[in-house]
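# Breakdown of the fold
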Amino acid sequence: MSPESVTAAVVTRKRTEGRTEARARAARRRKLVVLGARTLLLVAVLVAWEVLSRNKVIDPFNFSMPSKIWDQLVQWTAHGTAQGSLGEQIGYTLYEALLGWVIGVTGGVLLGIVLGRVRFLADVLGPFIKILNALPRIVLAPIFLILFGLGTVSKVASAVVLVFFPVFFNAFQGAREVDRNLVANARILGASDRRVTLQVVIPSATSWIFTSLHISFGFALIGAIVGEYLGADKGIGLLVVNAQNSFNPAGVFAAMAILAVVALLAEVLLTFVEKRLFRWKPGGPGAER
């Protein structure tokens, strides 16, 4: 190789490295700008809420104010609640939501993949699934309460029915949208139906499934909270009920703030896992949000 070719290769490599570093710096700057904008927006909303409440522009009895909500959170953290420590209430609700989420996701993925692969079953069961999906599933919570009592099972059941359908439809659509050329090539190479499903269909549908996971955990929390709201001996939903019954809007908003933090942490964890799984797919779900 001539000296000119070596020099050109070195220059090209340095230019490529420089462009890569520039893109990385731009991405970091953008993350900081987005984070700063989010922080400023949150602070502006809280300050406006506090000022408007203190000046009676909005009714502080019904809407409370951020300072009182913070005081309520500090009181719960330092002295606990009437049902026990704050951590115990969060853990109880989180356990119900996670268990319902896992069961709902597992059932939704399995049935979605099966019906996406077996057209006959999809034709037979499709109308029934659509009818069930059209029902207001949140109203099933009182029925679950009657069937299973005040314990964990009724809350988990409420979470399951809310989680199952969005996961099912995404898994079903993902199985249907698999590149037919990939399936055909796998069959040409001698792959069985089982290997095609496990090694082609499921990996291809993973991005669809992860899309549903981002919203389904929030549904699981809603199911658990609604179940606790209707009847429970502990949990965040019970804190909401007690605060409401004692005309304590700060307690209601404090419980909502706790749920928001839990949902945000779950979203961060799911996004991290998704990015790790889809590092190979620059434009896919694992790409920068």
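So, here's what we can say about the structure. All values reported here derive from a predicted model rather than from experimental measurement.

A separate point is the packing of helix H4 (residues 86-117) against helix H5 (residues 119-134). Between H4 and H5, the shortest axis-to-axis distance is 6 Å and the interhelical angle comes to 125°. As far as their axial angle goes, H5 and H4 are oblique. For the pair H4 and H5, contact is made by Leu111, Val114, Leu115 and Arg117 and by Arg119, Leu121, Ala122, Leu125 and Ile129, respectively. Taken together, the residues of the contact of H4 with H5 break down into 7 nonpolar, no polar and 2 charged.

Close approach of charged atoms allows side chains of opposite charge to pair. Following the criterion strictly, the structure yields 2 salt bridges and no others. One salt bridge in this structure joins arginine 54 and glutamate 50, with 2.6 Å as the shortest N-O distance. One end of the pair, arginine 54, and the other, glutamate 50, are both in helix H1 (residues 3-54), 4 residues apart, so they sit about a helical turn from each other. Overall, the relative accessible area of 14% leaves glutamate 50 in the buried class. The salt bridge involving glutamate 88 is made with lysine 234; its shortest N-O contact spans 2.8 Å. Note that glutamate 88 is positioned in helix H4 and lysine 234 in the loop between helix H9 (193-230) and helix H10 (236-245), a separation of 146 residues in sequence.

So, about the packing of aromatic side chains. Counted by the stated rule, this structure contains 8 aromatic pairs. The interplanar angle of 85° and the centroid separation of 5.0 Å between the aromatic rings of phenylalanine 164 and phenylalanine 165 together place this pair among those described as edge-to-face. Given the relative accessible area of 8%, phenylalanine 165 is considered buried. Ring pairs connect the aromatic residues Phe164, Phe165, Phe168, Phe169 and Phe172, which therefore count as one cluster.

Let us look at the side chain of histidine 214. Within the secondary structure, histidine 214 sits in helix H9. In terms of polar contacts, histidine 214 uses its side chain to reach the side chain of glutamate 267, at 2.9 Å.

Okay, the environment of arginine 54 next. Since its relative accessible area comes to 54%, arginine 54 is described here as exposed. Spatially, the C-alpha atoms of arginine 54 and methionine 65 are 7.8 Å apart, while their sequence positions differ by 11 residues. Those residues in contact with arginine 54, other than ones at most four positions away along the chain, are Met65 and Ser67. Among the polar contacts listed, one links the side chain of arginine 54 to the side chain of serine 67, at a separation of 3.4 Å.

Ranked by size, the top nonpolar core spans 40 residues in total, and within it Trp76, Trp101, Val105, Leu213 and Ile236 carry the most contacts. Looking at this core, the elements with two or more residues in it are helix H3 (66-79), H4, helix H7 (152-176), H9, H10 and helix H11 (249-277). The greatest single-element share of this core, amounting to 12 residues, is contributed by H9. When near neighbours in sequence (up to four residues on either side) are disregarded, leucine 213 contacts Trp101, Val105, Val167 and Leu270. If you look at the next biggest cluster of nonpolar residues, it comprises 7 residues, including Leu115, Ala122, Ile129 and Phe172.

Reading the values: the criteria
- Residues numbered from 1 in each chain as written.
- Predicted model: local features only at pLDDT ≥ 70, side-chain atom pairs only at ≥ 80, totals over all residues.
- Heavy atoms only, no water.
- Axes fitted to C-alpha atoms, helices over the stretch in contact; angles between N-to-C directions.
- Helix = DSSP H or I, 4+ residues; strand = E, 2+ residues; numbered from the N terminus.
- Parallel < 35°, antiparallel > 145°, perpendicular 65-115°, else oblique.
- Contact = heavy atoms within 4.5 Å.
- Nonpolar A, V, L, I, M, F, W, Y, C, P; charged D, E, K, R; others polar.
- Salt bridge = Lys/Arg side-chain N within 4 Å of Asp/Glu carboxyl O.
- Buried < 20%, exposed > 50% of the residue type's maximum accessible area, 1.4 Å probe, protein only.
- Phe/Tyr/Trp six-rings, centres within 6.5 Å; stacked < 30°, edge-to-face > 60°.
- Polar contact = N/O pair within 3.5 Å; in protein donor to acceptor, adjacent residues only side chain to side chain.
- Core = buried A, V, L, I, M, F, W, Y, C linked by side-chain atoms within 4.5 Å.

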